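Analysis of the macromolecular model
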Amino acid sequence: AHATQFIDFEALAVLISIFVQFLTNQGTMETGDMKERYLEDFEAGQTFQSERIRIDADRIKSFAAEFDPQPFHLDERAATDSIFRGLVASGWHTAAITMKLLVEGDLKPAGGIVGASFDEFRWLQPVRPGDELRVESEVLAVRASKSRPDQGVIKVKTTTLNQNNEAVQVLVGNLIVLRSPASKD
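So, here is what we can say about the structure in this document.

This part covers the environment of Leu 133. Within the secondary structure layout, Leu 133 lies in strand E4 (residues 132-144). Taking the relative accessible area as the measure of exposure, Leu 133 reaches 0% and is therefore buried. Separated by 80 residues in the primary sequence, Leu 133 and Ile 53 place their C-alpha atoms 5.3 Å from one another. Among all residues touching Leu 133, those that are not within four sequence positions of it are Glu 51, Arg 52, Ile 53, Ile 55, Thr 94, Ile 97, Leu 101, Val 127, Thr 160, Leu 161, Asn 162 and Val 168.

Bringing empty space enclosed by the protein into the picture now. All told, the structure shown has 1 cavity of 30 Å³ or more when counted by the stated rule. There is about 30 Å³ of room inside the largest cavity. At the level of elements, strand E1 (47-49), helix H5 (91-104) and E4 are the ones that each hand at least two residues to the lining of the largest cavity. Here the lining of the largest cavity is composed, by residue class, of 5 nonpolar, 4 polar and 1 charged.

What follows deals with the side chain of Arg 134. Tracing the backbone through its elements, the reader meets Arg 134 in strand E4. What makes Arg 134 buried here is its relative accessible area of 11%. At 2.7 Å, the side chain of Arg 134 forms a polar contact with the side chain of Glu 136. A polar contact of 2.4 Å, which involves the side chain of Arg 134, links it to the side chain of Asn 165. Ignoring any residue separated from it by four or fewer positions in sequence, one finds Arg 134 in contact with Gln 49, Ser 50, Glu 51, Arg 52, Leu 101, Thr 159, Thr 160, Leu 161 and Asn 165.

Okay, the pattern of salt bridges next. Counted according to the given criterion, the structure contains 8 salt bridges. Here Arg 54 makes a salt bridge to Glu 132, at a shortest N to O gap of 3.4 Å. On the criterion of sequence distance, the pair formed by Arg 54 in strand E2 (residues 53-54) and Glu 132 in strand E4 is long-range, its members being 78 residues apart. Taking relative accessible area as the criterion, Arg 54 reaches 53% and is therefore assigned exposed. Look at Glu 132 and you get partly exposed, because its relative accessible area is 27%.

Bringing the environment of Arg 37 into the picture now. By the element assignment, Arg 37 lies in the loop between helix H1 (9-24) and E1. Distance from Arg 37 to Gly 112, taken between C-alpha atoms, is 9.5 Å for residues 75 residues apart in sequence. Excluding its chain neighbours within four sequence positions, the residues that come into contact with Arg 37 are Phe 42, Phe 48, Asp 106, Leu 107, Lys 108, Pro 109, Ala 110 and Val 177.

Let's shift gears to the packing of helix H2 (residues 57-67) against H5. For the pair H2 and H5, the least separation of the axes is 10 Å and the interaxial angle reads 110°. As far as their axial angle goes, H5 and H2 are roughly perpendicular. Of the residues in H5, those touching H2 at Arg 59, Ile 60 and Phe 63 are Trp 92, His 93 and Ala 96. The residue makeup of the contact of H2 with H5, split by class, is 4 nonpolar, 1 polar and 1 charged.

Of the voids in this model, the second largest pocket is the one considered here, and its volume is about 190 Å³. What lines the second largest pocket is a set of 15 residues, and nearest its centre among them are Phe 84, Ala 89, Ser 90, Gly 91 and Trp 123. At the level of elements, helix H3 (71-74) and H5 are the ones that each hand at least two residues to the lining of the second largest pocket.

Conventions we followed
Residues numbered from 1 in each chain as written. Predicted model: local features only at pLDDT ≥ 70, side-chain atom pairs only at ≥ 80, totals over all residues. Heavy atoms only, no water. Helix = DSSP H or I, 4+ residues; strand = E, 2+ residues; numbered from the N terminus. Buried < 20%, exposed > 50% of the residue type's maximum accessible area, 1.4 Å probe, protein only. Contact = heavy atoms within 4.5 Å. 1 Å grid on protein atoms, 1.4 Å probe; cavity = no way out; pocket = protein on both sides within 12 Å on 5 of 7 lines; lining within 4 Å. Points joined across faces, edges and corners; volume = space filled by probe spheres on them. Nonpolar A, V, L, I, M, F, W, Y, C, P; charged D, E, K, R; others polar. Polar contact = N/O pair within 3.5 Å; in protein donor to acceptor, adjacent residues only side chain to side chain. Salt bridge = Lys/Arg side-chain N within 4 Å of Asp/Glu carboxyl O. Axes fitted to C-alpha atoms, helices over the stretch in contact; angles between N-to-C directions. Parallel < 35°, antiparallel > 145°, perpendicular 65-115°, else oblique.

Encoded structure:
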């Protein structure tokens, strides 16, 4: 029998929100003052970057203890006997770090980073202590809402990269973005 796996994206959004709160309470990164971008400010092909954040073993264990208490996230010795052959961050920790980097990066959609859905969400390789993560986002599509004239949706591919420019996570999300007040006239 083949088991089918389903992802509850609403629950995923709630988890990511909780994880961002967790991360935000553990330090901040410096980012420049950037203005929010309205829907009209986005176009397919635009790219956006973030700063880097270094991952350490204590934060991996702290996050795992609260949200994903599996031995390969909590204990170096147990992790050496796992398929990872060493301590690794939870994939949900990587997702939460990605969200933090997005929020503090230069994407800045008006109204905040408000996710409507994911079209794709993949972890490509584990994140280990000492890794430095950053995100690169590319706008894939922009569309105004037909039912809500004050907003629209941008489809964004976000790749989380480590210090070797290796992709550790890729997601394609649809974000709700406010339209410019001038466009509502």
